[in-house]
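Understanding the architecture of this molecule
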Amino acid sequence: MTVSGKTKRRFALATALRGVFMLLAGLYAVIWPTEALTVLVLAGGILLAIDGVLGLWSLTFGGGKSGNYWFDVASNGLSLLLGLLILVSPLLATIFTVTVMATLVGIVALVVGVMQIVVITREREHYARIWPVVLSGVSYVLLGLLFLFFPLLTASIGVIFGGVLLIMFSFGLFGWAWRLYQRSKAA
């Protein structure tokens, strides 16, 4: 089935709009990192809560069994709990701040990293290579320590870094939109 030139131009326009939104979000994150961090924390809370609920549902009803059931229950339960704490925080603004949220992220990353290392070393005979999982666990532990010792700085730098990546990706989308537009003229 061939696509008309008009439809290709719509694809190009939609891709360009995605690039504009990505560019604006990236600029917002680079110029106002603390405000962008607040938005990201709320969006992250929503994602964590949804991930925790879906993970627990999968373990309970979806047949999503893995080798370590209680690790999966604990990680999904922590995901759900952290997501709910983040979503409740705007109502409790005097108690929960971005620093507390970053510290919670650091604690969760530390726990997940330690759990990964413990589980993979206990069950090493079931895996051909354990080093990728061990390195992943060590990365989580290091990230957790960074968030614990430098919570606001780490979160702000992460937002700025993410903003720079969004800006770079937006230019890729602009290039793609331009190529789509050029192809629509040839059709």
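The structure we're discussing is the one just above.
Calculation notes
- Residues numbered from 1 in each chain as written.
- Predicted model: local features only at pLDDT ≥ 70, side-chain atom pairs only at ≥ 80, totals over all residues.
- Heavy atoms only, no water.
- Helix = DSSP H or I, 4+ residues; strand = E, 2+ residues; numbered from the N terminus.
- Buried < 20%, exposed > 50% of the residue type's maximum accessible area, 1.4 Å probe, protein only.
- Expected span 1.5 Å × (residues − 1).
- Contact = heavy atoms within 4.5 Å.
- 1 Å grid on protein atoms, 1.4 Å probe; cavity = no way out; pocket = protein on both sides within 12 Å on 5 of 7 lines; lining within 4 Å.
- Points joined across faces, edges and corners; volume = space filled by probe spheres on them.
- Nonpolar A, V, L, I, M, F, W, Y, C, P; charged D, E, K, R; others polar.
- Axes fitted to C-alpha atoms, helices over the stretch in contact; angles between N-to-C directions.
- Left-handed = near helix turned anticlockwise from the far one by under 90°.
- Phe/Tyr/Trp six-rings, centres within 6.5 Å; stacked < 30°, edge-to-face > 60°.

A separate point is the environment of Arg 10. One can find Arg 10 in helix 1 (residues 5–31). The class of Arg 10 is exposed, set by a relative accessible area of 52%. Each C-alpha atom, one on Arg 10 and one on Ser 184, is 9.2 Å from the other, the two residues being 174 residues apart in sequence.

Let's shift gears to helix 1. In a regular helix each residue adds 1.5 Å, so 27 residues correspond to 39 Å; helix 1 covers 38 Å between its end C-alpha atoms and thus fits that length. When we look at burial in helix 1, the residues that qualify are Gly 5, Ala 12, Thr 15, Gly 19, Leu 23, Gly 26 and Ala 29. The inward-facing, buried residues of helix 1 abut helix 2 (33–60) and helix 6 (151–186).

Attention shifts here to the layout of surface pockets. Of the voids in this model, the largest pocket is the one considered here, and its volume is about 670 Å³. For the largest pocket, the lining is made up of 27 residues, of which Leu 48, Leu 82, Ile 86, Val 105 and Phe 147 are closest to its centre. Counted by class, the lining of the largest pocket contains 21 nonpolar, 5 polar and 1 charged residues.

This part takes up the environment of Leu 145. Relative to the elements of secondary structure, Leu 145 occurs in helix 5 (residues 131–149). Given a relative accessible area of 32%, Leu 145 falls into the partly exposed group.

Moving on: the packing of helix 2 against helix 3 (residues 69–88). At their nearest, the axes of helix 2 and helix 3 sit 7 Å apart, and the two run at 150 degrees to each other. The handedness of the crossing between helix 2 and helix 3 comes out as left-handed. Residues Val 41, Leu 42, Gly 45, Ile 46, Leu 48, Ala 49, Asp 51, Gly 52, Val 53, Gly 55, Leu 56 and Leu 59 of helix 2 lie in contact with helix 3, whose contacting residues are Tyr 69, Asp 72, Val 73, Asn 76, Gly 77, Ser 79, Leu 80, Leu 82, Gly 83, Ile 86 and Leu 87. When the residues that make up the contact of helix 2 with helix 3 are grouped by side-chain class, the tally is 14 nonpolar, 7 polar and 2 charged.

Right, let's talk about the environment of Leu 180 for a bit. Looking at the element boundaries, Leu 180 is found in helix 6. Note on Leu 180: relative accessible area 17%, which makes it buried. Sequence separation of Leu 180 and Arg 10 is 170 residues, and the distance between their C-alpha atoms is 9.2 Å. Ignoring sequence-local partners within four residues, the contact set of Leu 180 consists of Lys 8, Phe 11, Ala 12 and Thr 15.

Under the criterion given, the structure shown has 3 aromatic pairs. An angle of 50 degrees between the planes, with centres 5.7 Å apart, marks the rings of Tyr 28 and Trp 32 as tilted. Taking relative accessible area as the criterion, Tyr 28 reaches 34% and is therefore assigned partly exposed. Between Phe 171 and Phe 174, the aromatic rings sit 6.1 Å apart at their centres with planes inclined by 70 degrees, giving edge-to-face as the arrangement. One end of the pair, Phe 171, and the other, Phe 174, are both in helix 6, 3 residues apart, so they sit about a helical turn from each other.

Bringing the side chain of Ser 156 into the picture now. By the secondary structure assignment, Ser 156 is in helix 6. Under the relative-accessibility criterion, Ser 156 is labelled buried at 14%. Discounting residues that sit within four places of it in the chain, Ser 156 has contacts with Pro 33, Thr 34 and Leu 37.

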